[in-house]
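If you want the building blocks of each chain, they are given just below.
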Amino acid sequence: MVSDMVSDMAQTRLATVTAPNDLESYWLPFTPNRSFKRSPRLIVRAKDMHYYSADNRAVLDGAAGLWCTNAGHNRDPIVAAIKRAAEQLDYSPAFQFAHPAAFELAGRVAALAPGDLNRVFFCNSGSEAVDTALKIALAYHNVRGQGSRTRLIGRERGYHGVGFGGISVGGIVNNRKFFGSLLTGVDHLPATYSREHQAFTKGEPQWGAHFADELERLVTLHDASTIAAVVVEPMAGSTGVLPPPQGYLQRLRAICDRHGILLIFDEVITGFGRLGYSFAAERYGVVPDLITFAKGITSGAVPMGGVIARDGIYEAFMHGPEHVVELFHGYTYSAHPLACAAGLATLGLYRDEKLFARAKALEPRFADAAMTLKSLPNVLDIRSVGLAAGIDLASRAGAPGLRTYQVMERAFQEEGVMVRAAGETIALSPPLIASEAQIDEIFDKVGRAIKAVA
Ligand SMILES: Cc1ncc(COP(=O)(O)O)c(C=O)c1O
């Protein structure tokens, strides 16, 4: 009886909650909740290059959502594929069973990846992809009898999501300092950015390859026999678009090779066309041992992430009795049917519309447009690579991050453009379908917002 009453009450509550007229229940991620709730930025629909706000204003998407809608918004083939998949197969168990689209998508992703990066493990986000890659790296050494290789090396200013693995190898103090002792046995390379030597560079700066040699120092300090893997974003996105110095990634690769250390490229942002190639690995001619991906795989339409491993890594696990699990890792929603359908349709769009080549062709125009903001008030540096740009603004005295937050707000509310405020940087990364006119429009609007909050 009591439980009947409880469920009646719950039913009544459910029936009354029909519209978001109460903003209090939702605890927004990575968002200042109180200021958001005072002046919400509500988005209700999207198409191609535009979002539409709750008050029905068109907002040009200068950020590809959150670095993910590379094919543009609500593209018909992706929407249709998700609908079809939902009608046909809502879910199939990810462990001990599988469905055909998972194999098809893995094959398509492997075909896009360079070298012998041919084995694809699926998960649901970039954070899970990073933790998966770190676990594969540790387990790989373990199954090969090198279990002393447990140390992981990340980089200052790196962002690798929010799992304990990701924040441990990551290099953003606010993402780490509240959360205890994190993973043990982690060390960090220095960030590759220097305003003094690199300010207002288009593409990869000439200065800074020597930062890779810090890995040799860490090897000397810890000994290679204790180091499992190095993980870096080829272009650090979340801390402000930091393209790698020329030759830096090649040097990292060479040092890793010398010492039997796995090299992981976190391509959650750089994958699927952001830098004009399938993966940044291709742009830089460096084949890592593991690549993480997410975001652009489904153009943001359904959550999905994954890890691509070189053949030799996969094969190292394929020993022992055949009825025994080889890697004790996976997620209920690994290779979810809706995500696979969205992924296949998205890769189809990238291919049919040649969107990676389009991004590459647009890069010079995008970089020029970004640099037009150089002389605006408070602009300290502008960087660009592929279809990504970071604009550093001087912080307001005593209020770090406030100016960029105000620019983001102003851009959305008054100028009708979505940008991302990342610390003291305004980050721009439009969908790869952006026209030249829309690129100019994005930077014009951002310029006006920067001036307005000067
Ligand atoms: C390089 C990188 N790795 C990992 C992540 C985490 O992805 P997610 O938010 O899907 O967990 C991100 C997110 O921006 C990222 O940029």
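Everything that follows concerns the structure shown earlier in this document.
Everything numeric here is computed off the predicted structure, so don't read it as measured data. (Residues numbered from 1 in each chain as written. Predicted model: local features only at pLDDT ≥ 70, side-chain atom pairs only at ≥ 80, totals over all residues. Heavy atoms only, no water.)

K.L.:
So what's going on with the overall build of the chain? Residues and values would help.
P.N.:
Broken down by element type, the chain carries 17 helices and 15 strands. The C-alpha radius of gyration computed for the chain amounts to 22 Å, which stays within 12% of the reference 22 Å derived for 454 residues, consistent with globular compactness. In terms of overall dimensions, the chain has C-alpha extents of about 70 × 60 × 45 Å along its principal axes. Taking all 454 residues of the chain together, the buried fraction comes to 54%. Long-range pairs, those at least 24 residues apart, make up 73% of the contacts in the chain with a sequence separation of at least 6. For the chain, the accessible area works out to roughly 20400 Å², and carbon and sulfur atoms hold 55% of it. Charge centroids of the chain, computed over 45 positive and 46 negative side chains, lie 5 Å from each other. (Helix = DSSP H or I, 4+ residues; strand = E, 2+ residues; numbered from the N terminus. Rg over C-alpha atoms; globule rule 2.2 N^0.38 Å. Buried < 20%, exposed > 50% of the residue type's maximum accessible area, 1.4 Å probe, protein only. Contact = heavy atoms within 4.5 Å. Areas by Shrake-Rupley, 256 points an atom, 1.4 Å probe, with all protein chains shown as cover. Lys, Arg positive; Asp, Glu negative; His and termini not counted. Charge placed at Lys NZ, Arg CZ, Asp CG, Glu CD.)

K.L.:
Requested: an account of helix α4 (residues 76-88), with residues and values cited.
P.N.:
The first and last C-alpha atoms of α4 sit 18 Å apart over 13 residues, in line with the 18 Å expected at 1.5 Å per residue. Every buried residue belonging to α4 is among Ile-78, Ala-81, Ile-82 and Ala-85, and all of these are buried. One side of α4 carries all its buried residues, which in axial view fall inside an arc of 100°. Exposed and oriented more than 90 degrees from the buried face of α4 are Asp-76, Lys-83, Arg-84 and Glu-87. Buried residues belonging to α4 abut α14 (337-352). (Expected span 1.5 Å × (residues − 1). Arc of directions from axis to C-beta.)

K.L.:
I'd love a proper account of unusual backbone geometry, names of residues and values included.
P.N.:
A positive phi angle is found at Val-241, which is not glycine, with a value near 60°. Structurally, the position occupied by Val-241 is in the loop between β7 (227-232) and α11 (248-259). A positive phi is found at Ser-299, a non-glycine position, where the angle reads about 50°. As for its placement among the helices and strands, Ser-299 is situated in the loop between β9 (290-293) and β10 (305-310). Its relative accessible area of 4% is what places Ser-299 among the buried residues.

K.L.:
Give me the nonpolar core: which residues, what numbers.
P.N.:
Counting residues in hydrophobic clusters, the biggest one holds 98 residues, and the most contacted among them are Ile-391, Leu-428 and Val-446. In terms of residue count, α14 provides more of this core than any other element does, nine residues in total. Discounting residues that sit within four places of it in the chain, Leu-428 has contacts with Gly-62, Phe-366, Leu-387, Ala-388, Ala-389, Ile-391, Val-419, Ile-442, Phe-443 and Val-446. Formed by 22 residues, the second largest nonpolar core is a distinct cluster that contains Ala-137, Tyr-140, Val-169 and Ala-309. (Core = buried A, V, L, I, M, F, W, Y, C linked by side-chain atoms within 4.5 Å.)

K.L.:
Can you break down the state of the cysteines residue by residue, with the values?
P.N.:
Put plainly, two cysteines are in a disulfide when a covalent bond ties their sulfur atoms together. Applying the stated rule across the entire model yields zero disulfides. Not engaged in a disulfide, the cysteine Cys-123 finds its nearest cysteine sulfur in Cys-340; these two sulfurs lie 12 Å apart. Residue Cys-123 is classed as buried on the basis of its relative accessible area, which comes to 1%. (Disulfide = S-S within 2.5 Å.)

K.L.:
Before we move on, could you go through the layout of surface pockets and cite the residues and values that matter?
P.N.:
A probe as big as a water molecule, rolled over the atoms, marks out the empty space that is left. Reported here for the second largest pocket is a volume of approximately 1200 Å³. Forming the boundary of the second largest pocket are 34 residues, of which Ala-94, Val-120, Phe-121, Glu-326 and His-329 lie nearest the centre. Where the lining of the second largest pocket is concerned, the elements lending two or more residues are α5 (100-112), β4 (117-123), β10 and α13 (311-317). In terms of residues, the lining of the second largest pocket owes the most to one element, β4, which gives four residues. (1 Å grid on protein atoms, 1.4 Å probe; cavity = no way out; pocket = protein on both sides within 12 Å on 5 of 7 lines; lining within 4 Å. Points joined across faces, edges and corners; volume = space filled by probe spheres on them.)

K.L.:
Help me get a handle on the pairing of β9, residues and values and all.
P.N.:
Here β9 shows two buried faces, one formed by Leu-290 and Thr-292 and the other by Ile-291 and Phe-293. Two elements, strand β8 (residues 262-266) and β9, share three bridges in a ladder whose sense is parallel. Paired with Ile-264 across the bridge in β9 is Leu-290. With four bridges connecting them, β9 and β10 associate as antiparallel partners. What sits directly across from Thr-292, in β10, is Val-307. (Pairing = 2+ DSSP bridges.)

K.L.:
How would you sum up the site of the ligand? Please name residues and give values.
P.N.:
The immediate surroundings of the ligand are formed by Ser-125, Gly-126, Ser-127, Tyr-159, His-160, Gly-161, Glu-233, Ser-238, Asp-266, Val-268, Ile-269 and Lys-295. Measuring from an oxygen atom of the ligand, one finds a backbone N or O atom of Gly-126 at 2.8 Å. Contact distances for the ligand include 2.7 Å between a nitrogen atom and a side-chain N or O atom of Asp-266. For the ligand, whose free accessible area comes to 390 Å², the fraction covered by protein is 83%. Considering only residue class, the shell around the ligand consists of three nonpolar, six polar and three charged. (Near = heavy atom within 4 Å. Polar contact = N/O pair within 3.5 Å; in protein donor to acceptor, adjacent residues only side chain to side chain. Nonpolar A, V, L, I, M, F, W, Y, C, P; charged D, E, K, R; others polar.)

K.L.:
If you had to explain the side chain of Gln-438 to someone new, which residues and values would you point to?
P.N.:
For Gln-438, the location among the structural elements is in helix α17 (residues 436-452). Its relative accessible area of 18% is what places Gln-438 among the buried residues. From its side chain, Gln-438 meets the backbone nitrogen of Ser-435 in a polar contact 2.9 Å long.

K.L.:
Mind laying out the packing of aromatic side chains, listing which residues take part and the relevant values?
P.N.:
Scanning the entire structure with this criterion turns up 10 aromatic pairs. Between Tyr-350 and Phe-356 the ring centres are 4.9 Å apart and the planes differ by 45°, which places this aromatic pair in the tilted class. Residues Tyr-350 and Phe-356 agree in their burial class; the two are buried. Connected via pairs of aromatic rings, a cluster forms that spans Phe-122, Phe-272, Phe-279, Phe-293, Tyr-350 and Phe-356. (Phe/Tyr/Trp six-rings, centres within 6.5 Å; stacked < 30°, edge-to-face > 60°.)

K.L.:
Can you break down the sheet that holds strand β12 (residues 388-393) residue by residue, with the values?
P.N.:
Taking strand neighbours across the sheet as the criterion, the four strands line up as β11-β12-β15-β14 in an open arrangement whose pairing is antiparallel. The sheet terminates laterally at β11 (379-385) and β14 (420-422), the two strands that pair on one side only. Going from strand to strand, the sheet's axes swing by 20° on average, the running direction of each strand aside. Where β14 lies against strand β15 (residues 425-428), three bridges are found, and the strand directions are antiparallel. Bridge pairing in β15 links Arg-420 to Ala-427. On the sheet, helix α16 (residues 402-415) packs against β12, β14 and β15 and is oriented at approximately 40° with respect to β15. (Axes fitted to C-alpha atoms, helices over the stretch in contact; angles between N-to-C directions.)

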